[in-house]
Every structure is written in C-alpha cells, then in structure tokens.
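Given next are the chains, with one letter for each unit.
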Amino acid sequence: MKAIIAVSLFFFSFMSIGATNDGYPTQEQVDSELRKLSLRFPKQMKLESIGKSVQGREIWVVRLHDHSSKNPDLRLALIAGVHGDEIVGRELLMRLLSDILEGQKKDGLLKQLLQQREIILVPCFNPDGCENKTRTNAQGFDLNRAFPDFTIDGPDNSQDGRPPEVVAWMKFQKENPIAFSLSYHGGEIPTVNYPWDNSPEKFPEQSLARAMALEYAGLNPTMRANKQFPGGAAHGNSWYAIQGGMQDWSLFFHKNLQLTVEVSLLEWPPYETIAEFYRQNQASMLNFLLTH
Ligand SMILES: [Zn+2]
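**Focus on the sheet that holds strand 4 (residues 117-122)**
And step 1. Spatial ordering of the open sheet is given by 1-2-4-3-5-8-6-7, a layout of 8 strands whose pairing is mixed. Each edge of the open sheet carries a strand with a single partner, namely strand 1 (45-52) and strand 7 (233-235). Neighbour-to-neighbour, the strand axes of this sheet turn through a mean angle of 20°, independent of strand direction.
And step 2. Here strand 6 (residues 191-194) runs beside strand 8 (residues 257-262); their pairing, made up of 3 bridges, is antiparallel. Each residue of the ladder has a partner; that of Asn193, found in strand 8, is Thr260.
And step 3. Of the strands in this sheet, strand 1, strand 2 (58-64), strand 3 (74-80) and strand 4 are in contact with helix 6 (residues 164-175), which crosses strand 1 at around 130°.
And step 4. Set on the sheet, helix 10 (residues 246-254) makes contact with strand 3, strand 5 (180-185), strand 6 and strand 8; between it and strand 8 the angle comes to about 165°.

**Thoughts on the pattern of salt bridges**
And step 1. As enumerated under the stated definition, the model contains 15 salt bridges in all.
And step 2. Salt-bridge contacts for Arg135 lead to Asp142; the nearest nitrogen and oxygen are separated by 3.0 Å.
And step 3. Residue Arg135 is classed as partly exposed on the basis of its relative accessible area of 30%.
And step 4. Bridged by salt links that share partners, the residues Glu48, Arg63, Arg75 and Glu118 form one connected network.

**So, the environment of Ala209**
And step 1. Looking at the element boundaries, Ala209 is found in helix 7 (residues 206-218).
And step 2. Ala209 gets classed as buried once you look at its relative accessible area, which sits at 0%.
And step 3. C-alpha of Ala209 to C-alpha of Tyr194: the two residues are 15 residues apart in sequence and 6.1 Å apart in space.
And step 4. Ignoring sequence-local partners within four residues, the contact set of Ala209 consists of Tyr194, Pro195, Phe203, Leu257 and Leu259.

**Quick look at the coordination of the zinc ion**
And step 1. Within the protein, His83 (ND1), Glu86 (OE), Glu86 (OE) and His185 (ND1) serve as the donor atoms for the zinc ion, at 2.0 to 2.7 Å.
And step 2. Bound by 4 donor atoms, the zinc ion shows angles of 53 to 149° at the metal and therefore irregular coordination geometry.
And step 3. Expressed as a motif, the donor residue spacing for the zinc ion is H-x2-E-x98-H. Here His185 lies in strand 5 and Glu86 lies in the loop between strand 3 and helix 2 (88-103), a separation of 99 residues in the sequence. An identical accessibility class is assigned to Glu86 and His185; each is buried.

**With respect to helix 11 (residues 274-290)**
And step 1. With 17 residues, helix 11 extends 23 Å between its outermost C-alpha atoms, agreeing within 8% with the 24 Å of an ideal straight helix rising 1.5 Å per residue.
And step 2. Along helix 11, the largest kink reaches about 45° and is centred on Asn281.
And step 3. Among all positions in helix 11, only Ile274, Tyr278, Gln280, Asn281, Ser284, Met285, Leu286, Asn287, Phe288, Leu289 and Leu290 are buried.

**Observations concerning the side chain of Ser199**
And step 1. Examined against the element boundaries, Ser199 turns out to sit in the loop between strand 6 and helix 7.
And step 2. Within the structure, the side chain of Ser199 is placed 3.0 Å from the backbone nitrogen of Glu201, a separation counted as a polar contact.

**Things to note about the confidence of the model for the protein chain**
And step 1. The pLDDT averaged across the protein chain works out to 93; a share of 93% of its residues lies at or above 70.
And step 2. Residue range residues 1-19 is modelled with pLDDT below 50. Its contacts to residues more than four positions away, or to other chains, number 53 contacts.

**Overview of the pairing of strand 5**
And step 1. In terms of burial, strand 5 is largely enclosed, as 6 of its 6 residues are buried.
And step 2. Here strand 5 shows no split at all, with Phe180, Leu182 and Tyr184 on one side and Ser181, Ser183 and His185 on the other all buried.
And step 3. Alignment of strand 3 against strand 5, held across 5 bridges, turns out to be parallel. Across the sheet, Leu78 pairs through a bridge with Leu182, a residue of strand 5.
And step 4. For strand 5 and strand 8, the ladder comprises 6 bridges, and the chain directions are parallel.

What counts as what
Residues numbered from 1 in each chain as written. Predicted model: local features only at pLDDT ≥ 70, side-chain atom pairs only at ≥ 80, totals over all residues. Heavy atoms only, no water. Pairing = 2+ DSSP bridges. Helix = DSSP H or I, 4+ residues; strand = E, 2+ residues; numbered from the N terminus. Axes fitted to C-alpha atoms, helices over the stretch in contact; angles between N-to-C directions. Contact = heavy atoms within 4.5 Å. Salt bridge = Lys/Arg side-chain N within 4 Å of Asp/Glu carboxyl O. Buried < 20%, exposed > 50% of the residue type's maximum accessible area, 1.4 Å probe, protein only. Donors = N, O, S within 2.8 Å, 3.2 Å for Na, K, Ca; no water. Tetrahedral: all angles 85-135°; square planar, octahedral: opposite > 155°, others 65-115°. Expected span 1.5 Å × (residues − 1). Bend = angle between axes of the 7 residues up to and from the residue. Polar contact = N/O pair within 3.5 Å; in protein donor to acceptor, adjacent residues only side chain to side chain. pLDDT = per-residue confidence, 0-100.

What follows is the structure, given as structure tokens:
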C-alpha cells in the first residue's frame, strides 16, 4: 500500500496519572489500558494473551484489523520489550495503538490500512522485565539470545528448553505468518539494524532489508544524523554479532523480514522525554505500516 505520511492523528496522551517506575506506567496499568482500548474499539482491536511470563503476567498481542471487512492480505508486526529494561519501545507502541484507533475514525488512510492489513502489536514481550526493570526474563534468560539459531541449530526450530516467552511467540508466529516486522530495543546509538546478526553471509532480500532500514531511519531526525552509520542503517553482523536473536530466527525460519530498531541511547530515559521519542518515530512507524 503506497501512501504519503500526511496522516492527521490525534496525539492522545494517557497513563501519566498514578504511574510508578520513575513515572512510567506499571505493567498492570499497561494491561488495564489495553483492556480499555479493546472494549472501546471491539471492531478494530482484539486483545489476545499468547501465554504467561515466568512470574505469571500475560504476554499480550494486539490484533488490529477491521473485522467487518475481508480477511487481511498481509500481516505486519511491531514488537517491544524483548529486553524488559529497554522501555521506550513499549511506550511508542502504546501511543501508536491509541493514535491508530482514534485516527481511523476520520482518517481514510488508516481506515484503509485496517481493512487491508492485520497489524500485530506486542507492547511488552518480556512483561516481568518491563515491570522489574531487567534485561532478562525472570529466569535470567536474555530473550534475544534464546531463539533457535541456524548457525548453531541448523534447521532445527525446536521449542524444547526455551523460556516461556520465547515459546509463546514461536507458537504464535507459526500460526500467524508475518511479512515484515520491527523489534524495538534501546541503549545504543539510534540506528536500524538489519540481518543477519549471526553471519556475514548475504541473503536474497538483503538490499530490500537495508532499504527498509534506511527508510525508517530517514524519517527519524536523530537516526538520520547518525555519524557511526551514515543514514542510520547498520548491518547487524558488521556492527556486532549475536546468536539466538529474534531477528535472524524470524527471517530464517519464517520468512518474516525483521529489523531491530535501536530507538534510544538510554535504556530507561526520563519519562518526560517519551513524547519527543514518539514525535521522532511516529512518521517512521506509520510509513512502515502504510507502505508494506
Ligand atoms: Zn535490547
């Protein structure tokens, strides 16, 4: 779907009252906001728990689609909080969710988006980490090192022995093919990272992946000014190699082309700065949804 980013949206500020965690909402407050939105917009939003974290918190998946129209022709996903203490992504996704739901009431492009696509939002993949301000899940697993990796496991996409958050997503992804996705992280110079992380080998869609990374970064003023990676796009393996990451797993096992968005230099920046982070990422996020 080709479109321009002249989308008029409400900026809908919420969840700032009674929050803890240095001003950030608790996971309970995030859950309650998700429930409220799903009740207000039953035709466009379905809230689904794909499983529970180690400490028993729901792992929420938001499905956005106009359920009165035909089945979506493509599914896109935005995921945050794989590292629980990299909190900016969760806040961006909650604001985006609210803006899409409010905006589609009068914006033709957003209405059309929800008729033709299913958008999956995972505000916090690692809810124990988002609540306890930890990178890992409550068992100490780094969830972005815990997926099957073709350089270690070959073609074996087994769920055995993996943390519950990873297993929940592996099951969901298996049943819900995703074409393109973004995974939000923080604590690095703002950059969009593209596969592979685990190997210097090229893959057929690598130039597309790089173009998508440059496109996201190009609409974000901080990323655009990145001096370490001109244009704000970095090839994962050339930057730093990791194994067991969600990005490589998504592409290798499910042909889901995922980019990793390093959205903020600080992992847990002052809450007051979130509005500015959203302002800087809003066009990139909408462009990603509207042009694929
Ligand atoms: Zn991270």
